[in-house]
Amino acid sequence: MKPLTEFERYVIEQKGTERPFTGEYVDHNAKGVYCCRRCEAPLYLSEHKFQAHCGWPAFDNEIKGSVTRVPDADGHRTEIVCAECGGHLGHVFEGEMLTPANVRHCVNSVSMTFKEIEESVIDNEAKQSTKLATFGGGCFWCLEAIFSRLDGVEKVTSGYSGGSAEDANYEKVCSGNTHHAEVVQVEFDATKLDYQTLLAVFFSSHDPTTLNRQGNDVGPQYRSVIFVHDQVQADLVNAALAELESKQVFNNPVVTQVVKFDEFYAAELKHENYYANNPQQPYCQMVVKPKVDKVTELFQHLLK
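Heads up: these notes are all about the structure in this document. Predicted model, so just to flag it, every value in this text is computed and none were measured.

### A look at the overall build of the chain
And step 1. Tallying secondary structure elements over the chain gives eight helices and 17 strands in all.
And step 2. A compact globule built from 304 residues would reach a C-alpha radius of gyration of about 19 Å, and the chain, at 21 Å, matches this within 12%.
And step 3. Across the 304 residues in the chain, those meeting the buried criterion constitute 49%.
And step 4. Contacts spanning at least 24 positions in sequence make up 68% of the contacts within the chain whose residues lie at least 6 apart.
And step 5. Carbon together with sulfur atoms contributes 48% to the accessible area of the chain, which is approximately 15300 Å² in total.
And step 6. A distance of 1 Å separates the average location of the 28 positive side-chain charges in the chain from that of its 43 negative side-chain charges.

### Topic: the sheet that holds strand 5 (residues 67–71)
And step 1. Pairing in this open sheet of six strands is antiparallel, and the strands run 3-4-8-7-6-5 from one edge to the other. The sheet terminates laterally at strand 3 (49–50) and strand 5, the two strands that pair on one side only.
And step 2. Sheet topology places strand 5 next to strand 6 (residues 78–82); five bridges connect them, and they run antiparallel. Across the sheet, the residue bridging to Pro71 is Thr78, located in strand 6.

### Side note on the packing of aromatic side chains
And step 1. Tallied over the full model, the rule gives 13 aromatic pairs.
And step 2. When the centroid spacing of 6.1 Å and the interplanar angle of 20° are considered together, the rings of Phe135 and Tyr195 count as stacked. One end of the pair, Phe135, is in strand 10 (residues 130–137); the other, Tyr195, is in helix 5 (residues 195–205), and 60 residues separate them in sequence. We note that Phe135, like Tyr195, is buried.

### Describing the packing of helix 3 (residues 140–147) against helix 5
And step 1. The contact between helix 3 and helix 5 brings their axes to 11 Å, and the two run at 140°. Overall, the two elements helix 3 and helix 5 adopt an arrangement that is oblique. Crossing of helix 3 against helix 5: the hand is right-handed. Across from Leu143, Ile146 and Phe147 in helix 3, the residues of helix 5 making contact are Leu198, Val201, Phe202 and Ser205.

### Quick look at unusual backbone geometry
And step 1. The backbone of Asn102 sits at a positive phi, close to 60°, despite the residue not being glycine.
And step 2. Mapped onto the elements of the fold, Asn102 is located in the loop between strand 7 (88–94) and strand 8 (103–107).
And step 3. At Asn273, a residue that is not glycine, the phi angle is positive and equals roughly 50°.
And step 4. Residue Asn273 is classed as partly exposed on the basis of its relative accessible area of 36%.

### Quick word on the nonpolar core
And step 1. Formed by 47 residues in total, the largest nonpolar core has its most connected members in Phe135, Phe147, Val186, Tyr195, Leu198, Ile226 and Val288.
And step 2. Setting aside residues no more than four positions away along its own chain, Ile226 makes contact with Thr134, Phe135, Tyr195, Leu199, Phe202, Phe203, Val237, Thr256, Gln257, Val258 and Val259.
And step 3. Core analysis: the second largest hydrophobic core is formed by 17 residues, Leu43, Val67, Leu89 and Val92 among them.

### Details of the environment of Ser224
And step 1. Relative to the assigned elements, Ser224 resides in strand 15 (residues 224–228).
And step 2. In contact with Ser224, other than residues within four places in its own chain, are Gly136, Gly137, Phe202, His206, Pro208, Val255, Thr256 and Gln257.

### Structural notes on the sheet that holds strand 17 (residues 264–266)
And step 1. The six strands are arranged 16-15-10-12-11-17 in an open sheet whose pairing can be described as mixed. Of all strands in the sheet, those bounded by a partner on one side alone are strand 16 (257–260) and strand 17. Along the sheet, successive strands turn relative to each other by an average axial angle of 35°, direction set aside.
And step 2. In this structure, strand 10 lies alongside strand 12 (residues 181–189), joined through six bridges in antiparallel fashion. Each residue of the ladder has a partner; that of Lys131, found in strand 12, is Phe188.
And step 3. Strands in contact with helix 6 (residues 231–246) are strand 10, strand 15 and strand 16; relative to strand 15, the strand with the most contacts, it is inclined by about 150°.

### Some remarks on the pattern of salt bridges
And step 1. Tallying each qualifying case throughout the model produces twelve salt bridges.
And step 2. For Glu13, the salt bridge identified is with Arg38, shortest N-O distance 3.4 Å. With Glu13 in the loop between helix 1 (6–12) and strand 1 (33–36) and Arg38 in the loop between strand 1 and strand 2 (42–45), this pair connects stretches of sequence that are 25 residues apart.
And step 3. Relative accessible area serves as the criterion here: at 43%, Glu13 is assigned to the partly exposed category.
And step 4. One network of salt bridges, in which partners are shared, links Glu8, Glu24 and Arg37.

Reading the values: rules and limits
Residues numbered from 1 in each chain as written. Predicted model: local features only at pLDDT ≥ 70, side-chain atom pairs only at ≥ 80, totals over all residues. Heavy atoms only, no water. Helix = DSSP H or I, 4+ residues; strand = E, 2+ residues; numbered from the N terminus. Rg over C-alpha atoms; globule rule 2.2 N^0.38 Å. Buried < 20%, exposed > 50% of the residue type's maximum accessible area, 1.4 Å probe, protein only. Contact = heavy atoms within 4.5 Å. Areas by Shrake-Rupley, 256 points an atom, 1.4 Å probe, with all protein chains shown as cover. Lys, Arg positive; Asp, Glu negative; His and termini not counted. Charge placed at Lys NZ, Arg CZ, Asp CG, Glu CD. Pairing = 2+ DSSP bridges. Phe/Tyr/Trp six-rings, centres within 6.5 Å; stacked < 30°, edge-to-face > 60°. Axes fitted to C-alpha atoms, helices over the stretch in contact; angles between N-to-C directions. Parallel < 35°, antiparallel > 145°, perpendicular 65-115°, else oblique. Left-handed = near helix turned anticlockwise from the far one by under 90°. Core = buried A, V, L, I, M, F, W, Y, C linked by side-chain atoms within 4.5 Å. Salt bridge = Lys/Arg side-chain N within 4 Å of Asp/Glu carboxyl O.

Here it is as structure tokens:
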């Protein structure tokens, strides 16, 4: 991360706003790429920029997977943040008919830097779109089987998070005496599948209202938990939880933990693709298959 000035921290970290028509890039029209000032991730190409006469740089598109939308705290607008580091960029507006794309990313100049680079380099950077998500919701055999079916998911690995390296094995975790939860680490292409969709699948795949339990699987290792990898994921999870509560989706309170990701320890090889390799195993038939069938029916449009 690049060091920030006091004003840059105010805008990027505290979600402030620079005064209109004062930013460096309001009337900027050079060819190149606009990047996040804090982490230097590419955000917008110069061809996305247009003159909106609003006082801030305006873009009607973004490099795929580079910008994340988050419901604003005011309940009316939609905030946009860097998908890589979570730095505040500004807000996005639709329906103004200012360009054929009908979208306006209103961005603070101070949130960006500009690089004059070759198009091939821009394309190469834009392709770095693989992201990680880590979920725990009962036995990892279930979640692995479910997330592996989604288009945009490149890899799902069963494992353990929340505890120490020396306790990261199936026998110890099953004792319930470690801080680990059984989790899956999902590698996904953010240009095909966004984190909000993964959250929707996650909350549909298990019961997030039962504390340290999923059906007959009892113990803290089976707790409902989301290990967030950055502030963007944390904000999206909290927004999803607030929506579940406001819409009363579940009859009982959601007890899903939201924890900062630290380490992930892959499970033993025998757990890899367990459901696919053991479809007739009794647990798979009685527990895993019904969950897979449920999610498959709900999210048919997302399947590979």
